Amino acid sequence: MLALLLFAIATPSFAQKGKSALTVRLINLESTTKEPFRYNATLNNASGQTKIYELHAQLPEGWNALFRAEGSQVAGIRMDSGRTMDLSIEISTGPQTKPGKYTIPVTAVSYNDTLRADLQAVVKGSYALELTTPSGRLSDDVTEGRKKQITLTVRNTGTLPLNGIELQTQAPVGWSGTFEPSRIERLDAGQSQDITATLSVPDKTVAGDYVTNFTARNNDATSTATFRMTVKTSLLSGWIGILVILLSLGIIYYLIRKYGRR
């Protein structure tokens, strides 16, 4: 009799332990909008029958979620009774997400059961950088063999400060570029700083349009401004060219006069 009573008391506890569940080891993660939130979860089917679970995440607008199982991206899983499977959940925020704490319900839904886990994503802020000019104009002209100074504006458009911003240039072959200053030690959110870029164009550069890329970057953000430079021939080179043409015509005329009648 005592044994039957103990069995009856123990049975509910055994059933509770065998309940299907979706569990997440670390539910609260912190990151910026640049990096996704990655959670490790476990899905357990203790229902006594084979089930197909569809995976869903209730996300704020502009966010995205990916589920992976056994190295593959999945939207649903077929699981035999008594089986346990590890899941990887990757959640990416939207570009305009504001700092704060967000609760994200994640569910595994079968035809007669819904397993749920509430994730927490703490968004610290965002890193964003813009490189442009004070007027927004990204074109200018320069005379071959001369230098051209261009004012660039580096702007922190994110919500977190940017440290150690380096300036770089990618110019046509033979050209060179320098910056003053060449490095911004710190730029707080919403602030901007003007930079003077100096382009040196070599002599005898053929007249035409050339593209130069200016880049501002640090470990967290990068921005590139594509600048179109129109190279013009100097007046001295122009006059030399005209004199060469006139001299050539004079020589031809002389030769015709001297040998044309023979």
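Computed from a prediction, not measured in an experiment: that's the story for all the values here.

S.K.: Looking at this model, I keep getting lost on the overall build of the protein. Mind explaining?
M.R.: Across its full length, the protein holds two helices and 19 strands. By residue count, 34% of the 262 residues in the protein fall in the buried class. In the protein, once contacts between residues fewer than 6 apart in sequence are set aside, the share between residues at least 24 apart is 66%. Carbon and sulfur atoms form 53% of the exposed surface of the protein, whose accessible area is close to 16200 Å².

S.K.: Explanation requested: the sheet that holds strand S4 (residues 51-57) in the structure shown.
M.R.: Paired through their backbone hydrogen bonds, the strands of a sheet run either parallel or antiparallel. Spatially, five strands are ordered S2-S10-S9-S4-S7 in an open sheet, and the strand pairing comes out mixed. The sheet is open, and its two edges are formed by strand S2 (28-31) and strand S7 (76-79), each paired on a single side. Averaged over all neighbouring strand pairs, the angle between strand axes comes to 25 degrees, with direction disregarded. As judged from the 11 bridges shared by strand S9 (residues 100-110) and strand S10 (residues 113-123), these two strands associate in the antiparallel manner. Looking at the pairing, Val 109 lines up with Thr 114 of S10.

S.K.: Would you explain the packing of aromatic side chains in this entry?
M.R.: For any two aromatic rings, the description comes down to two numbers: the centre-to-centre distance and the angle of the planes. One pass over the structure, following the stated rule, counts four aromatic pairs. For the pair Trp 175 and Tyr 210, a centre-to-centre distance of 5.3 Å together with 40 degrees between the ring planes defines the contact as tilted. With Trp 175 in the loop between strand S14 (162-170) and strand S15 (176-180) and Tyr 210 in strand S18 (residues 208-217), this residue pair connects regions lying 35 residues apart in the sequence. On the accessibility criterion, Trp 175 (9% relative accessible area) is buried. On the basis of an interplanar angle of 70 degrees and a centroid distance of 6.0 Å, the ring pair of Phe 214 and Phe 227 is categorised as edge-to-face. In this pair, Phe 214 is assigned in strand S18 and Phe 227 in strand S19 (residues 222-232), connecting sequence segments 13 residues apart.

Conventions we followed
Residues numbered from 1 in each chain as written. Predicted model: local features only at pLDDT ≥ 70, side-chain atom pairs only at ≥ 80, totals over all residues. Heavy atoms only, no water. Helix = DSSP H or I, 4+ residues; strand = E, 2+ residues; numbered from the N terminus. Buried < 20%, exposed > 50% of the residue type's maximum accessible area, 1.4 Å probe, protein only. Contact = heavy atoms within 4.5 Å. Areas by Shrake-Rupley, 256 points an atom, 1.4 Å probe, with all protein chains shown as cover. Pairing = 2+ DSSP bridges. Axes fitted to C-alpha atoms, helices over the stretch in contact; angles between N-to-C directions. Phe/Tyr/Trp six-rings, centres within 6.5 Å; stacked < 30°, edge-to-face > 60°.

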